[in-house]
Amino acid sequence: QVQLVESGGGLVQAGGSLRLSCAASGRTFSSFPMGWFRQAPGTEREFVAAISSSDGGTSYADSVKGRFTISRDNAKNTLYLQMNSLKPEDTAVYYCAARQVPYGRWSASPLDYGDWGQGTQVTVSS
């Protein structure tokens, strides 16, 4: 399995920016599609963004399009989520995840991901 550790969360004012990182262990990291999900209190975990391994294709939830950017640095075994123009509704625990389909495409379903990080809290004040 891939071990994942998120970092970079914190408290930020509306309109501000944060950059989340997800450090991965394992030599198979570069072959796995990766995703970011978030979960606010009392809600189900929802899709934020994903990136494929085979062609580098990306996908974003409508709520974050134009504001968030997902990227990966395979040489550093790290996944990133750049979050700009943050809104109070972005407040949640953010999780990174690895899809266990080597060289597969991205997926927006949390059920398609087998390895998860512990999460990092993002709080956006109004």
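Positions within a chain are numbered from 1, following the residues in the order the chain's sequence is written. With pLDDT at 70 or above as the cut-off, local features in this predicted model cover only qualifying residues; side-chain atom pairs require 80 or more to be listed or tallied, and sums for whole chains, interfaces and linings still use all residues. Side-chain descriptors were evaluated using all non-hydrogen atoms of the structure, hydrogens and water having been removed beforehand.

As for unusual backbone geometry
Located in the positive-phi region is N77, a residue other than glycine, with phi close to 50 degrees. Helix numbers and strand numbers start at the N terminus; a helix is a DSSP run of H or I with at least 4 residues, a strand a run of E with at least 2. With respect to the helices and strands, N77 occurs in the loop between β7 (68-73) and β8 (78-83). Relative accessible area decides the class of each residue, using a 1.4 Å probe on protein chains only: under 20% of the type maximum gives buried, over 50% gives exposed, and in between gives partly exposed. Of the residues examined, N77 reaches a relative accessible area of 22% and is grouped as partly exposed. Phi at Y103 is positive, roughly 60 degrees, even though this residue is not glycine.

Details of the side chain of S53
Considering the arrangement of structural elements, one finds S53 in the loop between β5 (46-51) and β6 (58-60). For S53, a relative accessible area of 17% puts it in the buried group. Nitrogen and oxygen atoms within 3.5 Å of one another constitute a polar contact, given that in protein one can donate a hydrogen and the other can accept it, and given that sequence-neighbouring residues count only through two side-chain atoms. A distance of 2.8 Å separates a polar atom in the side chain of S53 from the backbone oxygen of S31. In this structure the side chain of S53 is engaged in a polar contact, spanning 3.4 Å, whose partner is the backbone nitrogen of Y103.

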